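Examining the three-dimensional arrangement
Listed below are the residues making up each chain.
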Amino acid sequence: MTFSRRQFVGTALTAAVALAVGPGIARAELVDDAINAFTGGADMETGGITLIAPEIAENGNTVPIEVDAPGAESIIIFAAGNPNPSVATFNFGALAGSAAVSTRIRLAGEQEVIAIARMPDGTFKMARQNVRVTIGGCGG
Amino acid sequence: MAENVTPRVRVPREASAGETVSIRTLISHPMESGQRRDSDGNVIPRSIINRFVCTFNGETVVDVTIEPSVSTNPYFQFDAVVPESGTFTFIWYDDDGSVYEETADIAVN
């Protein structure tokens, strides 16, 4: 099979675009799938949940975050740009003093951190924050 | 197999009945994410703490499902209500099947 110059340029362009866009789309799908697995596709309100993360994190290996969603029974955290976007799920029990928690997470690079709270009445609340990372935290 | 895994918790010694106290926990653990490669290019297998549970006198305070995106030496700070004197139990579950447990007493006055 012989390629004309036009065909060749077209194929090369398509391949280049697929390479550049592919991982981004795959990741967005991963995050959407993970969010849907938690919410069952329900609508989410903003507000009623606070996510505190640094705007710029020097070291992606340990980024301090804080989430507070008064009254929530469960909070899930996603890092949209990580190879595996799920970070942690907090289920609060009968003796939880508040639906708030602080921890430290890894971020592979600049990306959005997403926190979603499930309320006892079955509604969901979401907060997002973009974090810039100077040194990524997923090795390599 | 993770080595030198040491849990550490900070709980107030005493509280008044029904008070909300702040608890800090940390366990020294490498939390190998399964994404890194060694110098020969082989993937280093995942080895993390995958679950952490805190209970007080048998009642759940918080139950955390942990993924590889949690940092080395997983640290959590959260609040608990203390209805009476008793014992906080903290349990960490490792990928390799190990279970690490730590307790802390609190007196209600």
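Cut-off values and rules
- Residues numbered from 1 in each chain as written.
- Chains lettered and ligands numbered in written order.
- Predicted model: local features only at pLDDT ≥ 70, side-chain atom pairs only at ≥ 80, totals over all residues.
- Heavy atoms only, no water.
- Helix = DSSP H or I, 4+ residues; strand = E, 2+ residues; numbered from the N terminus.
- Buried < 20%, exposed > 50% of the residue type's maximum accessible area, 1.4 Å probe, protein only.
- Contact = heavy atoms within 4.5 Å.
- Areas by Shrake-Rupley, 256 points an atom, 1.4 Å probe, with all protein chains shown as cover.
- Lys, Arg positive; Asp, Glu negative; His and termini not counted.
- Charge placed at Lys NZ, Arg CZ, Asp CG, Glu CD.
- Buried area = accessible area lost by both parts, 1.4 Å probe.
- Salt bridge = Lys/Arg side-chain N within 4 Å of Asp/Glu carboxyl O.
- Polar contact = N/O pair within 3.5 Å; in protein donor to acceptor, adjacent residues only side chain to side chain.
- Nonpolar A, V, L, I, M, F, W, Y, C, P; charged D, E, K, R; others polar.
- Pairing = 2+ DSSP bridges.
- Core = buried A, V, L, I, M, F, W, Y, C linked by side-chain atoms within 4.5 Å.

Brief notes about the overall build of chain B
A tally of regular secondary structure across chain B gives 0 helices and 8 strands. Mapped in sequence order, the helices and strands of chain B form the string β-β-β-β-β-β-β-β. Projected onto the principal axes, the alpha-carbon positions of chain B cover approximately 60 × 20 × 20 Å. Counting across all 109 residues of chain B, residues that qualify as buried make up 45%. Partitioning the contacts of chain B with sequence separation of at least 6, the portion at a separation of at least 24 is 58%. Counting only carbon and sulfur atoms, one obtains 41% of the accessible surface of chain B, whose full area is about 5,400 Å². A gap of 7 Å separates the mean positions of the 8 positive and 17 negative side-chain charges of chain B.

Some words on the interface of chain A and chain B
Taken together, the contact pairs 28 residues of chain A with 30 residues of chain B. In total, about 2,300 Å² of surface goes out of reach between chain A and chain B, with carbon and sulfur atoms giving 50% of it. Counting every contact that joins chain A to chain B gives 0 salt bridges. Our count for the chain A to chain B interface comes out at 21 residue pairs in polar contact (both at pLDDT 80 or more). Residue assignment for the side of chain A that touches chain B shows that the elements contributing at least two residues are strand 6 (86-92) and strand 7 (96-105) of chain A. Examining the composition of the side of chain A that touches chain B, we find that 9 residues originate from one element, strand 7 of chain A, more than from any other. For the side of chain A that touches chain B, a count of residues per class yields 13 nonpolar, 13 polar and 2 charged. Pairing analysis gives 5 bridges linking strand 6 of chain A to strand 5 (residues 59-66) of chain B, with the strands arranged antiparallel. Within the sheet, the bridge partner assigned to A:Phe90 lies in strand 5 of chain B and is B:Val64.

Focus: the nonpolar core
One finds A:Phe90, B:Phe52, B:Val61, B:Val62, B:Phe78, B:Phe88 and B:Phe90 to be the most contacted residues of the largest nonpolar core, which totals 56 residues. Sequence-distant contacts of B:Val61, defined by excluding residues within four places in its chain, comprise A:Asn91, A:Phe92, A:Gly93, A:Leu95, A:Ala96, B:Cys54, B:Thr55, B:Phe56, B:Phe78, B:Asp79, B:Ala80 and B:Phe88. A:Ile35, A:Ile114, A:Ile116 and A:Phe124 belong to the second-largest nonpolar core, a separate cluster that totals 11 residues.

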